[in-house]
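So you can see what is in the structure, the chains are spelled out below.
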Amino acid sequence: MTNINSDTFKDLLKNDVHKAFEILFRLYFDKLYHIARSYTGNTEDAREIVQNVFCKLWQKRERIDNITSSFLFTVTRNACLDHLKHRKRVREKSGSLYETELDNPIRFVENEAASRILQQELENQIRSSITALPEKQRQVFVKSRFEGMKNSEIAEDMGISKRTVDTHIHLALKFMRFQLKEFMTFF
């Protein structure tokens, strides 16, 4: 997936916000529409969801630091899930007896495909974030989180104090949270 957070786009966003959002809309509407349609199974709902996503982005444009494809996919997925929850509540309140669309196994497969795309984006971001950590910090983080070593074991293995291990892990987690903030719920 292309990362749209280039310096050129940031400059355009600062200088001509209307043109920047027009470009963003043209680049991503179809991709986001496809994801929304796979979740909802309804072309009108999918169009409305994606249009609402762009409207919310426009309304909150001054608070958004970083616009990436994975951010847009995550926001769209969350909007779809909210839409489906709302639709389910409305159906339950109306006492509808017909089978819900959420039970459709074909849509489940489509939702899984969209979820796999988002999961792959997240995994790529995690890998690149870990790679960006300073060497010692990365070694400590990998030993702690992936190899399951205790802090005292890491300290002994690397010949550093436990306090230094604690500091490396704290700083690595802080960095990872910052790098992965776009995957956190925005709306």
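Residues numbered from 1 in each chain as written. Predicted model: local features only at pLDDT ≥ 70, side-chain atom pairs only at ≥ 80, totals over all residues. Heavy atoms only, no water.

Draft legend 1. Examining the overall build of the protein more closely. Helices and strands together make up the secondary structure of the protein, namely 8 helices and 0 strands. When the helices and strands of the protein are read in sequence order from the N terminus, they spell out α-α-α-α-α-α-α-α. Taking all 187 residues of the protein together, the buried fraction comes to 33%. In the protein, the proportion of contacts linking residues at least 24 apart, taken out of those at least 6 apart, comes to 64%. (Helix = DSSP H or I, 4+ residues; strand = E, 2+ residues; numbered from the N terminus. Buried < 20%, exposed > 50% of the residue type's maximum accessible area, 1.4 Å probe, protein only. Contact = heavy atoms within 4.5 Å.)

Draft legend 2. Structural view of the packing of helix H7 (residues 151-158) against helix H8 (residues 162-179). It is at 8 Å that the axes of H7 and H8 come closest, and there the two elements cross at 110 degrees. When the interaxial angle is binned, H7 and H8 end up roughly perpendicular. Crossing of H7 over H8 shows right-handed handedness. Counted together, Asn151, Ser152, Ile154 and Ala155 of H7 and Lys162, Val165, Asp166 and Ile169 of H8 form the full contact between these two elements. (Axes fitted to C-alpha atoms, helices over the stretch in contact; angles between N-to-C directions. Parallel < 35°, antiparallel > 145°, perpendicular 65-115°, else oblique. Left-handed = near helix turned anticlockwise from the far one by under 90°.)

Draft legend 3. Seen up close, the packing of aromatic side chains. All chains considered together, the criterion is met by 5 aromatic pairs. For the pair Tyr28 and Phe73, a centre-to-centre distance of 6.4 Å together with 65 degrees between the ring planes defines the contact as edge-to-face. Here Tyr28, found in helix H2 (residues 17-40), pairs with Phe73, found in helix H4 (residues 69-94); they are 45 residues apart in sequence, far enough to count as distant. Take Tyr28: its relative accessible area is 2%, and that puts it in the buried class. (Phe/Tyr/Trp six-rings, centres within 6.5 Å; stacked < 30°, edge-to-face > 60°.)

Draft legend 4. Expanded view of the confidence of the model for the protein. Mean pLDDT over the protein stands at 78; residues scoring 70 or higher make up 74%. Mean pLDDT values over the elements of the protein span from 62, in helix H1 (residues 7-15), up to 93, in H7. Here residues 96-102 is modelled with pLDDT under 50, and outside its nearest four sequence neighbours on either side it reaches 11 contacts, counting other chains as well. (pLDDT = per-residue confidence, 0-100.)

Draft legend 5. Spotlight on the pattern of salt bridges. One pass over the full model with this rule turns up 6 salt bridges. With a closest N to O distance of 2.8 Å, Lys143 and Asp157 form a salt bridge. Here Lys143 is found in helix H6 (residues 135-145), whereas its partner Asp157 is found in helix H7, with 14 residues between them in sequence. For Lys162, the salt bridge identified is with Asp166, shortest N-O distance 3.4 Å. (Salt bridge = Lys/Arg side-chain N within 4 Å of Asp/Glu carboxyl O.)

Draft legend 6. Spatial organisation of the nonpolar core. Counting residues in hydrophobic clusters, the biggest one holds 23 residues, and the most contacted among them are Leu24, Leu32, Val50, Phe54, Leu57 and Leu72. At the level of elements, H2, helix H3 (43-59) and H4 are the ones that each hand at least two residues to this core. With 9 residues, H2 is the largest single contributor of residues to this core. If sequence neighbours within four positions are ignored, Phe54 has contacts with Leu24, Phe25, Tyr28, Phe29 and Leu32. (Core = buried A, V, L, I, M, F, W, Y, C linked by side-chain atoms within 4.5 Å.)

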